[in-house]
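Observations on chain architecture
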Amino acid sequence: MSSLKKKFEEQLSQSRIKVKNFVSDYGDKVIGEINLRQLYSGMRGMLSMITETSKLDPNEGIRFRGYTLPEIQDVLPRAEGSNQPLPEGIFYLMLIGSLPDEKDVKQISLELEKRSNVPNHVFDVINNLPKDMHPMTQFSIAILSLQNGSNFSVSYKSGLNKLDYWDATFEDALDLIARIPRVAAYIYRRIYHNEKYIEPIKGVDWSKNFAHMLGFSDSEFIDLIRLYMTIHSDHEGGNVSAHASHLVGSALSDAYISFSAGMNGLAGPLHGLANQEVVRWLLEMQESLGGGLPSRDNISEYVQKSLSEGKVIPGFGHAVLRKTDPRYTAQREFALKYLPDDELFLLVSRVYEVVPSILESTGKVKNPWPNVDAHSGVLLLKYGMTEYDFFTVLFGVSRSLGIMAQLIWSRALGMPIERPGSTTTDLMIKKFSN
Ligand code: CMX
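With respect to the sheet that holds strand β1 (residues 54-57)
Spatially, three strands are ordered β1-β2-β3 in an open sheet, and the strand pairing comes out antiparallel. With one partner strand each, in any of the chains shown, β1 and β3 (67-68) form the two edges of the open sheet. When β1 meets strand β2 (residues 61-64), the two strands line up antiparallel, connected through four bridges. Among the inter-strand pairings, Lys-55 is bridged to a residue of β2, identified as Arg-63.

Right, here's the structure in full:
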């Protein structure tokens, strides 16, 4: 048994007892009220699930097991010569609940390397997809095609004890995290680089290998991927991708099926696809304003026009956050360090100066500040990754860390099948307006 799995198992029985006693002692406590409006507004602010890995505060942003993003960047182990934490470390933190040391992180890199073999039939499946199918659709299909290797499904068929669900899920989760960079890189090289595939390398961390298979060897780009994989990894449980995975997983669908469902949610423009939409919107704006760095007044006019046409400004707003997303700030700091004079970075910065007050002036946007997706694209473009309809796949690879840690915990704590209630408008009218 791997040391990561042993560490998880060691604390499992205690966690189970803690949850059991807590629910038995406090299960009747009321934690909030639900009003009718919330039913019609996407369940905003409705506390309705337990997610152990991270918690999102509207003003402060994400905390991973109690650590803010700047703290994470400070305390997690780094690769030699690198300025960014290794995402293996955030996976350890989310799963085990405490900070890893360098040895722990190194072991995860090795474990992922050992598990990284992708069966040939997965490449056959991808090869049979039209190249113009969106990369997220290809990614989701490829993840599903990995499913026949699921430990959980095979063990369940032969009569798995409920108490051991977590164990088979742990195996699937680690396999999935290990394999999807190869799958994502294969999709990328097939669509955009004439099917010139790059074999994985051994003895390096998860992100470096991923960057290598994508075709990038620049050490700044590798660090960018480490940063990218860390900051996109988790955003508590209620966002569409995490929640979709959790919901599907609650029916005991295995890790592959659950994660693919989450990726289908991430592929929506109001969620993960926003990173692609931001780049498209920025480039279209730049072109329609005559190229170069547009003035604040011109950007303002363009934004007003987009709004008047009933479009959203991609990369701005959030369902929970009410301040600038710390994931945006982390990327801005990276840009200020490595590409302060880049024209598209300057454009992103100018948009940041202009958009919030315009969104505020609409009187309806609850959070006018930028989110993670407002910044990620320009960094990738700078290092030569220009195929921006692929960017959501990178988000997806990163999300595997959080969603898989969440799934292991849900199985370990015996979380039941999700089944909230619903009602009809007529029944509500009958109840309240007579
Ligand atoms: N541009 C224009 N209008 C916006 C807006 C934006 N960036 N953000 C919110 N609004 C509008 C909403 O569309 C809504 O309009 P209607 O009342 O006409 O329907 C109104 O403002 C109120 O919305 P809200 O309560 O402030 O925001 P929601 O919680 O409903 O939605 C989000 C949140 C992210 C979907 C929304 O802000 C948005 O569409 N942003 C642009 C897309 C984006 O960047 N998504 C990525 C989010 C991060 C991620 O998941 O990756």
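Concerning the nonpolar core
Among the nonpolar cores identified, the biggest contains 110 residues, and Phe-8, Leu-95, Phe-139 and Met-385 are the most heavily contacted of them. The element contributing the most residues to this core is helix α9 (residues 165-192), with 15 residues. Split by domain, the residues of this core number at least three in each of domain 1 (1-26 + 37-270 + 389-434) and domain 2 (274-382).

Topic: the site of the ligand
Of all residues adjacent to the ligand, which total 20 residues, the nearest are His-271, Gly-315, Phe-316, Lys-366 and Asp-373. Phe-316 is positioned such that a nitrogen or oxygen atom in its backbone is 2.8 Å from a nitrogen atom of the ligand. Asp-373 is positioned such that a nitrogen or oxygen atom in its side chain is 2.6 Å from an oxygen atom of the ligand. In the complex, the protein chains occlude 75% of the 890 Å² of accessible area that the ligand would expose alone.

Re the pairing of β1
By the alternation rule, side chains of β1 split into Ser-54 and Leu-56, which are all buried, and Lys-55 and Asp-57, of which none is buried. Between β1 and β2, which pair antiparallel and follow one another directly, the connecting turn spans three residues.

Quick notes on the domain arrangement of the protein chain
Here the domain parsing of the protein chain yields domain 1 (1-26 + 37-270 + 389-434) and domain 2 (274-382). Using only C-alpha atoms to locate each centre, domain 1 and domain 2 end up separated by 27 Å. Taken together, the 32 residues of domain 1 in the interface contact 26 residues of domain 2. Overall, the association of domain 1 and domain 2 removes approximately 2400 Å² of surface from exposure, summing both partners, and the carbon and sulfur fraction of that is 67%.

Concerning empty space enclosed by the protein
This structure, assessed with the given rule, holds four cavities of 30 Å³ or more. Taken as a whole, the largest cavity encloses approximately 70 Å³ of empty space. What lines the largest cavity is Met-49, Ile-50, Thr-51, Glu-52, His-246, Gln-406, Trp-409, Ser-410, Leu-413 and Met-415. Among the elements that make up the lining of the largest cavity, the one with the highest residue count is helix α19 (residues 391-412) (three residues). Looking at the lining of the largest cavity, its residues break down into five nonpolar, four polar and one charged.

What counts, and at which threshold
- Residues numbered from 1 in each chain as written.
- Predicted model: local features only at pLDDT ≥ 70, side-chain atom pairs only at ≥ 80, totals over all residues.
- Heavy atoms only, no water.
- Pairing = 2+ DSSP bridges.
- Helix = DSSP H or I, 4+ residues; strand = E, 2+ residues; numbered from the N terminus.
- Core = buried A, V, L, I, M, F, W, Y, C linked by side-chain atoms within 4.5 Å.
- Buried < 20%, exposed > 50% of the residue type's maximum accessible area, 1.4 Å probe, protein only.
- Domains from an automatic or database assignment.
- Near = heavy atom within 4 Å.
- Polar contact = N/O pair within 3.5 Å; in protein donor to acceptor, adjacent residues only side chain to side chain.
- Areas by Shrake-Rupley, 256 points an atom, 1.4 Å probe, with all protein chains shown as cover.
- Contact = heavy atoms within 4.5 Å.
- Buried area = accessible area lost by both parts, 1.4 Å probe.
- 1 Å grid on protein atoms, 1.4 Å probe; cavity = no way out; pocket = protein on both sides within 12 Å on 5 of 7 lines; lining within 4 Å.
- Points joined across faces, edges and corners; volume = space filled by probe spheres on them.
- Nonpolar A, V, L, I, M, F, W, Y, C, P; charged D, E, K, R; others polar.

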